[in-house]
Amino acid sequence: ALWKRLSAARATFDRMRKQFFSQLDAKHAEAAQIKEELIARAEAMQESTDWGPTVRAYKGLMDEWRRAPRGSRKKDDAQWKRFKAAQDTFFQARNADLHEIEAEQRQNLEVKEALLTEAEAIDPSAGVDQAKKTLRSVQDRWEEAGKVPRGDMRRIDERLRAVERAVKNAEQ
């Protein structure tokens, strides 16, 4: 009788254990499937040069990754490495491009500062027509110079506007 009770208890335990691990395996498989889809989307975007929308898309993918169910530790770690590698490829390319743009903008800033020196040397009292002609020349080259770093934009624009106001006031 004791053996039958023990055997029945063990059979019940084994059945519940199998059911538990079966459900766990199903959850892990579902998690792996969800994460594989996220990895595929991340890998599809890793070569993009459309920086703004792709950054937002990666942020959305990251949010989805966080909400995705957990899988087995080993599988999760391997999938995370693939997901992170795709992200890193994109962001390294983006950072390299940003460094190029920053270098170009610093060169543009040097050109515009030289133009400011020329513009600030304009003396409207010596001749308004000549001052306007010189200012126009500076303004044309200013536009050709291109963009400057955001932090310096206001400072140099205000200096040019001051020269423009001085010429306009002299004309009036």
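Because the structure is predicted, anything quoted here is derived from the model rather than measured.

Rules used in this analysis
Residue numbering note: each chain is counted from 1, following its sequence as written. Thresholds applied to this predicted model are a pLDDT of at least 70 for local features of residues and 80 or more for the giving and counting of side-chain atom pairs; totals over whole chains, interfaces and linings are not thresholded and use all residues. Processing note: side-chain calculations cover all non-hydrogen atoms of the structure and skip hydrogens and water entirely. Nonpolar cores are built from buried Ala, Val, Leu, Ile, Met, Phe, Trp, Tyr and Cys residues. Side-chain atoms within 4.5 Å join them into one set. Throughout, exposure labels follow a simple rule: accessible area from a 1.4 Å probe, protein chains only, divided by the maximum for the residue type, with under 20% read as buried, over 50% as exposed, and the rest as partly exposed. Secondary structure elements are taken from DSSP: a helix is a run of H or I of four residues or more, a strand is a run of E of two residues or more, and numbering for both begins at the N terminus. Contacts are assigned to residue pairs with any non-hydrogen atoms lying within 4.5 Å of each other. Salt-bridge detection follows one rule: a side-chain nitrogen of Lys or Arg within 4 Å of a carboxyl oxygen of Asp or Glu. For the purposes of these results, a polar contact is taken to be a pair of N or O atoms within 3.5 Å, where, inside protein, one atom must be able to donate a hydrogen and its partner to accept one; residues adjacent in sequence count only when each atom of the pair is a side-chain atom. Only Phe, Tyr and Trp rings are paired, with Trp represented by its six-membered ring, and only when their centres lie within 6.5 Å; those with planes under 30 degrees apart are stacked, over 60 edge-to-face, the remainder tilted.

**Concerning the nonpolar core**
Grouped together as the largest cluster of nonpolar side chains are 14 residues, with contacts concentrated most on Ile122, Leu135, Trp142, Ile156 and Leu160. Taken together, the elements giving at least two residues each to this core come down to helix 3 (73–120), helix 4 (128–145) and helix 5 (150–171). The contacts of isoleucine 122, once residues within four sequence positions are left out, are Ala131, Thr134, Leu135, Val163 and Val167. Core analysis: the second largest hydrophobic core is formed by 12 residues, Leu38, Ile39, Met62 and Phe83 among them.

**A closer look at the pattern of salt bridges**
Overall, the coordinates contain 15 salt bridges when judged by the stated rule. For the salt bridge of glutamate 43 with arginine 82, the shortest nitrogen-to-oxygen distance reads 3.9 Å. With glutamate 43 in helix 1 (residues 2–45) and arginine 82 in helix 3, this residue pair connects regions lying 39 residues apart in the sequence. A salt bridge links lysine 84 to aspartate 88; the nearest nitrogen and oxygen atoms lie 3.2 Å apart. In this pair, lysine 84 and aspartate 88 both sit in helix 3, four residues apart, roughly one turn of the helix.

**Topic: the side chain of threonine 54**
Looking at the element boundaries, threonine 54 is found in helix 2 (residues 51–67). Relative accessible area serves as the criterion here: at 7%, threonine 54 is assigned to the buried category. A polar side-chain atom of threonine 54 sits 2.8 Å from a polar atom in the side chain of serine 48. Here aspartate 50 takes part through its backbone oxygen, which lies 2.7 Å from a polar atom of the side chain of threonine 54. Residues contacting threonine 54, with those up to four places away along its chain left out, are Met45, Ser48 and Phe90.

**So, the packing of aromatic side chains**
Tallied over the full model, the rule gives eight aromatic pairs. For the ring pair tyrosine 58 and phenylalanine 91, a centre distance of 5.8 Å and an interplane angle of 50° mean the geometry is tilted. Of the two residues, tyrosine 58 is situated in helix 2 and phenylalanine 91 in helix 3; the sequence distance between them amounts to 33 residues. By relative accessible area, which is 1% here, tyrosine 58 ends up buried.

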